[in-house]
Amino acid sequence: MLSNAVVLAAVLCLIVLSPFAAGIRTGPGRITTNGDGGRNEFSKLGPFMEAPEYRNGKECASSSANRESFDPSLVHIAMTLDSEYLRGSLAAVHSVLRHASCPENVFFHFIAAEFDSANPRVLSQLVRSTFPSLSFKVYIFREDTVINLISTSIRQALENPLNYARNYLGDILDRSVDRVIYLDSDVIVVDDITKLWNTTLTGTRVIGAPEYCQANFTQYFTSNFWSDPALPGQISGRTPCYFNTGVMVMDMVRWREGNYREKLEKWMQLQKKKRIYDLGSLPPFLLVFGGNVEAIDHRWNQHGLGGDNLRGSCRSLHPGPVSLLHWSGKGKPWVRLDEKRGCPLDHLWEPYDLYNKHKIERAKDQSLVGFASLSELADDSSFL
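This is a predicted model, so every value here is computed, not measured. (Residues numbered from 1 in each chain as written. Predicted model: local features only at pLDDT ≥ 70, side-chain atom pairs only at ≥ 80, totals over all residues. Heavy atoms only, no water.)

**Q** Whenever I open this one, helix α3 (residues 86-99) confuses me. Can you help?
**A** Three- or four-residue spacings in an α-helix give side chains the same orientation, since the helix completes a turn every 3.6 residues. The end-to-end C-alpha distance of α3 is 20 Å, a good match for the 20 Å that 14 residues give at a rise of 1.5 Å each. The buried fraction of α3 is high, at 13 of 14 residues. (Helix = DSSP H or I, 4+ residues; strand = E, 2+ residues; numbered from the N terminus. Expected span 1.5 Å × (residues − 1). Buried < 20%, exposed > 50% of the residue type's maximum accessible area, 1.4 Å probe, protein only.)

**Q** Explain the state of the cysteines here, please?
**A** Note on terminology: a disulfide is the covalent bond linking the sulfur atoms of two cysteines. Applying the stated criterion across every chain, the model contains three disulfides. The partner cysteine of C60 in its disulfide is C102, sulfur to sulfur 2.0 Å. Where C60 bonds to C102 through sulfur, the torsion about that S-S bond is close to -95°, and the disulfide is left-handed. Placement of C60 in the loop between α2 (39-44) and β2 (75-81) and of C102 in the loop between α3 and β3 (106-113) is noted, with a sequence separation of 42 residues between them. Residue C314 pairs covalently with C343 via a disulfide, S to S 1.9 Å. On the sign convention where negative means left-handed, the S-S torsion of about -85° between C314 and C343 marks this disulfide as left-handed. Residue C314 is found in the loop between β11 (294-295) and β12 (324-326), and its partner C343 is found in the loop between α11 (333-338) and α12 (346-349); the two are separated by 29 residues along the sequence. Accessibility expressed as a relative area gives 3% for C343, which makes it buried. If one numbers only the bonded cysteines of the protein chain, in the order they occur, the disulfide pattern is 1-2, 3-4, 5-6. (Disulfide = S-S within 2.5 Å.)

**Q** Just checking my understanding: could you explain the environment of G203 for this structure?
**A** Its location among the elements puts G203 in the loop between α6 (193-197) and β7 (207-209). We classify G203 as exposed; its relative accessible area is 59%. Remark: the alpha-carbon pair of G203 and N292, spanning 89 residues in sequence, is separated by 9.9 Å.

**Q** Explain the pattern of salt bridges to me, please; I cannot follow it from the model alone.
**A** One side chain can pair with another of opposite charge once the charged atoms of both are near each other. Counting across every chain of the model gives 18 salt bridges. For the salt bridge of E114 with R142, the shortest nitrogen-to-oxygen distance reads 4.0 Å. Of the two residues, E114 sits in the loop between β3 and α4 (120-130) while R142 sits in the loop between β4 (135-141) and α5 (169-172), which places them 28 residues apart along the sequence. Here E114 falls in the partly exposed class, since its relative accessible area comes to 27%. A salt bridge links K274 to D228; its shortest N-O distance comes to 2.5 Å. Of this pair, K274 sits in the loop between α9 (260-273) and α10 (282-289) while D228 is found in the loop between α7 (223-226) and β9 (242-243), placing the two residues 46 residues apart along the sequence. For K274, a relative accessible area of 29% corresponds to the partly exposed category. The buried category is assigned to D228, whose relative accessible area is 16%. (Salt bridge = Lys/Arg side-chain N within 4 Å of Asp/Glu carboxyl O.)

**Q** Honestly, the nonpolar core in this entry has me stumped. Any pointers?
**A** A general trend in soluble globular proteins is that nonpolar side chains are found buried together. Within the largest apolar cluster, 48 residues are counted, with the highest numbers of intra-cluster contacts made by I111, L169, I207, F243, M250, W255 and F289. Broken down by element, this core gets its largest block of residues, six residues, from α10. Other than its neighbours up to four places away in sequence, I111 contacts M79, T80, L81, Y139, F141, L162, A165, L169, I172 and L173. Membership of the second largest hydrophobic core comes to 41 residues, among which are I77, L126, V138 and W197. (Core = buried A, V, L, I, M, F, W, Y, C linked by side-chain atoms within 4.5 Å. Contact = heavy atoms within 4.5 Å.)

**Q** For this particular structure, what's the right way to read α10?
**A** Buried residues dominate α10, accounting for eight of its eight residues. Every buried residue of α10 is listed here: L282, P283, P284, F285, L286, L287, V288 and F289. Along its buried surface, α10 packs onto β7, α7, β9, β10 (247-251), α8 (252-257) and α9. Positive phi appears at G291, one or two residues downstream of α10, with a value of about 90°.

**Q** How do you make sense of the side chain of T245 when you look at a structure like this?
**A** By the element assignment, T245 lies in the loop between β9 and β10. Of the residues examined, T245 reaches a relative accessible area of 5% and is grouped as buried. Of note is the side chain of T245, whose polar atom sits 2.9 Å from the side chain of R166. Other than its neighbours up to four places away in sequence, T245 contacts R166, Y182, L282 and F285. (Polar contact = N/O pair within 3.5 Å; in protein donor to acceptor, adjacent residues only side chain to side chain.)

**Q** Looking at this model, I keep getting lost on the confidence of the model for the protein chain. Mind explaining?
**A** The predicted model of the protein chain has a mean per-residue pLDDT of 82, with 76% of residues at 70 or higher. Contacts for the low-pLDDT stretch residues 29-35, under 50 throughout, to residues beyond four places or in other chains number 13 contacts. Of the regions scoring below 50 in pLDDT, residues 380-384 engages in nine contacts with residues more than four places distant in sequence or in other chains. (pLDDT = per-residue confidence, 0-100.)

**Q** Any chance you could explain the packing of aromatic side chains here in plain terms?
**A** Applying the stated rule across the entire model yields 18 aromatic pairs. The interplanar angle of 80° and the centroid separation of 5.8 Å between the aromatic rings of Y85 and W334 together place this pair among those described as edge-to-face. Of the two residues, Y85 sits in the loop between β2 and α3 while W334 sits in helix α11, which places them 249 residues apart along the sequence. Each member of the pair, Y85 as well as W334, carries the same accessibility label: buried. With a centroid separation of 5.6 Å and 40° between ring planes, the pair formed by W334 and W349 is classed as tilted. (Phe/Tyr/Trp six-rings, centres within 6.5 Å; stacked < 30°, edge-to-face > 60°.)

Shown next as structure tokens:
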């Protein structure tokens with residue numbers, strides 16, 4: 001058995017010092033700990049059942065037991081990880097693996113808040129116990145990096161520093177990661193994530209996302225912005241469309257070379273001086289990237305299923321096939337289902353919920369064709 005000193009030394013070797021984040025590397029295999037191993041904290045997060053084991057098919061590139069993030073055959077996905085949205089994050093991971101053609105070739109980068117009520121190392125252990133073979137790394141996001149740049153928003157949840165972690169991916173992620181899919185924690189994927197990964201970012205475009213050009217772009221900014229003699233000119237010459245930042249394909253090489261973190265921070269600094277928008281982390285992305293986004297099929301972000309930012313009312317799907325469902329807005333499916341006020345589409349999320357075994361079994365009993373019907377969404381718009 002290893003001594004406490006040896007274990008401590010090994011742990012210290014895993015920490016990557018950075019002004020933005022520290023990283024906890026975890027490859028496939030179970031984590032062991034000394035003493036109670038944080039079990040008290042672990043149990044407070046609730047019982048999660050172990051996910052089924054999903055393996056690569058013969059057509060997939062060969063994988064090794066200790067896969068590193070720089071492996072070119074990997075699909076990289078970045079997500080946040082915290083106690084409030086943990087249940088959603090694990091369901092999202094489950095959905096990705098369930099529908100991936102090569103699930104062992106997916107590498108997750110989890111961004112955890114430094115001062116979250118759940119210790120990032122405990123969150124890492126919980127992910128490992130739920131997905132024993134998952135390749136992932138947990139990064140501890142230093143919230144003081146952004147806390148002084150955050151202004152009040154229309155909904156308090158949008159002021160969480162972790163919502164801004166996507167702004168710092170170029171600094172947080174290993175330099176070997178040159179491309180990543182960013183996903184919010186309130187999504188489920190019902191199609192092969194490789195299809196999204198293979199999106200081509202043409203020209204010099206840095207990000208790709210589904211765009212919604214029919215939306216009124218002006219409503220995302222206050223009269224202070226539009227009445228300013230100089231600010232509207234910052235987006236002149238472009239035709240910006242609304243896009244949701246909860247699903248993005250990102251070229252991290254171009255991101256770093258273009259100093260896009262600083263460009264986003266510039267708008268956040270201005271917002272502190274002169275209120276130019278009411279939402280949280282979205283408007284700076286619209287100002288920096290609007291009109292220069294690689295348009296991805298709408299099927300990859302059926303967003304707004306959580307209703308608006310105030311009431312969280314039920315919503316229906318947009319017309320067309322579905323590859324990803326996104327509960328953006330106030331209402332979250334795990335909250336509404338637990339409160340016995342679930343919306344119809346919330347029951348599409350439920351089969352991926354790993355929170356409690358009896359809930360999973362009940363979901364399977366109630367929907368014997370749950371996974372099959374979700375898979376059909378990817379190619380059949382008649383569901384609507």
